[in-house]
Amino acid sequence: MLEKIIHFDKELLVFLNGLGSERWDGMWLMITKQFYWTPFFVYVLFYLLLKHVGFKIRYWKYLLFVIFLPLGILYSILFYKPQIDKNFIKKVKHLFVFILFIAVLIIFTDQTANLFKTTFERLRPCNDEEIKSIIRIVKSSNSFSFFSGHASNSMATMMFFYLNIRNNYKHSYLLFLFPLIFAYSRIYLGLHFPLDILTGYIFGATFGIICFRFYKKYVLKN
């Protein structure tokens, strides 16, 4: 049974990887790097996080602060003067705890993925003798494949975000486009099998839900 699953996994990888084109290689090489997702994290996720913990700030003011930081600081001093009271301090603490949960999510999922890789030692598609000659290898890596840290990290954080903001934003489900696109880039580049991605998704989503339950029980209630 396991051999059939692995065989199908390799066939699916060959098919999906073969859909790529040299014309789009540069774009997917950018997508696979976390650095190029910085605008998404800064302009979207952090803004949603501020709203989630209770900061009342309009999006155009937030953009002004982020894009023109010195001017944003000056604007905040002159025109946007929050009361430094217990409620404000409570919001800052809430923000800090939320970020702490995200950090724990990323560290745990990343290190667990590394543990699985060194335990199972499954070769990446780009190093697999059976298929490496028939797939498009856009990027190479000498580390192991099972399971994908990209998939588990991104799914865990987006699941945690989604469960927190789903009742406040109608289209919050769009957050899952990030792990879908981010993780697919690993298949496109020839670095992960579909099963690596799927396992990463399941693990990340599961741990994201567990973290949310702890967060809801011990943070939101207090």
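Just so it is clear, the model here is predicted, and its values are computed rather than measured. (Residues numbered from 1 in each chain as written. Predicted model: local features only at pLDDT ≥ 70, side-chain atom pairs only at ≥ 80, totals over all residues. Heavy atoms only, no water.)

**Q** Requested: an account of helix H3 (residues 38–52), with residues and values cited.
**A** The end-to-end C-alpha separation of H3 is 20 Å, in line with the 21 Å expected for 15 residues at 1.5 Å each. The sharpest bend along H3 comes to roughly 30 degrees, located at Leu45. Within H3, burial applies to Phe40, Leu45, Tyr47, Leu48, Leu49, Leu50 and His52. Backbone geometry just downstream of H3 places Gly54 in the positive-phi region, at approximately 115 degrees. (Helix = DSSP H or I, 4+ residues; strand = E, 2+ residues; numbered from the N terminus. Expected span 1.5 Å × (residues − 1). Bend = angle between axes of the 7 residues up to and from the residue. Buried < 20%, exposed > 50% of the residue type's maximum accessible area, 1.4 Å probe, protein only.)

**Q** How would you explain a positive patch on the surface if you had to name every residue and give the values?
**A** On the surface, Arg166, Arg213, Lys216, Lys217 and Lys221 cluster together to form a positively charged patch. With respect to the secondary-structure elements, Lys221 resides in the segment after helix H9 (194–220). (Patch = residues over 30% accessible without salt bridge, like charges linked within 9 Å, V, L, I, M, F, W, Y side chains within 5 Å. Areas by Shrake-Rupley, 256 points an atom, 1.4 Å probe, with all protein chains shown as cover. Salt bridge = Lys/Arg side-chain N within 4 Å of Asp/Glu carboxyl O. Lys, Arg positive; Asp, Glu negative; His and termini not counted. Charge placed at Lys NZ, Arg CZ, Asp CG, Glu CD.)

**Q** Describe the packing of aromatic side chains, with residues and values.
**A** Following the criterion strictly, the structure yields 25 aromatic pairs and no others. Between the aromatic rings of Phe41 and Phe178, the centroid separation amounts to 5.6 Å while the plane-to-plane angle is 90 degrees, which identifies the pairing as edge-to-face. Placement of Phe41 in helix H3 and of Phe178 in helix H8 (residues 177–188) is noted, with a sequence separation of 137 residues between them. The exposure class of Phe41 is partly exposed, given its relative accessible area of 31%. Since its relative accessible area comes to 5%, Phe178 is described here as buried. Plain terms: the ring middles of Phe116 and Phe146 are 6.3 Å apart, the flat faces sit at 50 degrees to each other, and that makes the pair tilted. Within this pair, whereas Phe116 is found in helix H6 (residues 86–120), its partner Phe146 is found in the loop between H6 and helix H7 (149–165), the two being separated by 30 residues in sequence. Put simply, the rings of Phe108, Phe116, Phe120, Phe146, Phe147, Phe203 and Phe207 pair up and form one aromatic cluster. (Phe/Tyr/Trp six-rings, centres within 6.5 Å; stacked < 30°, edge-to-face > 60°.)

**Q** Before we move on, could you go through the packing of H8 against H9 and cite the residues and values that matter?
**A** One way to put it is that H8 packs onto H9 with a least axis distance of 9 Å and a crossing angle of 150 degrees. If you check the angle between H8 and H9, you find them roughly antiparallel. H9 is crossed by H8, and the crossing has right-handed handedness. Facing Pro179, Leu180, Ala183, Arg186 and Ile187 of H8, the residues of H9 in contact are Pro194, Ile197 and Tyr201. Residues that form the contact of H8 with H9 fall into these classes: seven nonpolar, no polar and one charged. (Axes fitted to C-alpha atoms, helices over the stretch in contact; angles between N-to-C directions. Parallel < 35°, antiparallel > 145°, perpendicular 65-115°, else oblique. Left-handed = near helix turned anticlockwise from the far one by under 90°. Contact = heavy atoms within 4.5 Å. Nonpolar A, V, L, I, M, F, W, Y, C, P; charged D, E, K, R; others polar.)

**Q** So what about the side chain of Ser172? Which residues, and what values?
**A** Among the structural elements, Ser172 can be located in the loop between H7 and H8. According to the relative accessible area criterion, Ser172 is buried, its value standing at 5%. Looking at Ser172, its side chain comes within polar contact range of the main-chain oxygen of Tyr169, at 3.2 Å. Residue contacts for Ser172: discarding those within four places in its chain leaves Tyr162, Ile165 and Arg166. (Polar contact = N/O pair within 3.5 Å; in protein donor to acceptor, adjacent residues only side chain to side chain.)

**Q** Tell me what's going on with the environment of Ala151, and back it up with residues and numbers.
**A** When you line up the elements, Ala151 lands in helix H7. Look at Ala151 and you get buried, because its relative accessible area is 0%. The spacing of Ala151 and Tyr184 is 33 residues in sequence and 8.5 Å in space, taken between C-alpha atoms. If we ignore the near neighbours within four places in the chain, the residues touching Ala151 are Ala183, Ile197, Gly200 and Tyr201.

**Q** Help me get a handle on helix H1 (residues 2–18), residues and values and all.
**A** What sets the pattern is the α-helix's 3.6 residues per turn: residues three or four places apart point alike. Here H1 contains 17 residues, and its C-alpha end-to-end distance of 24 Å stays within 8% of the 24 Å for a straight helix at 1.5 Å per residue. Looking only at H1, the buried set comprises Asp9, Lys10, Leu13, Leu16 and Asn17. In an axial view of H1, the angular spread of the buried residues amounts to 135 degrees, which keeps them on one side of the axis. Exposed residues pointing more than 90 degrees away from the buried face of H1 are listed as Glu3, Lys4, Phe8 and Phe15. Contacts made by the buried residues of H1 are with H8 and H9. (Arc of directions from axis to C-beta.)

Read these as spatial facts, not as claims about activity.
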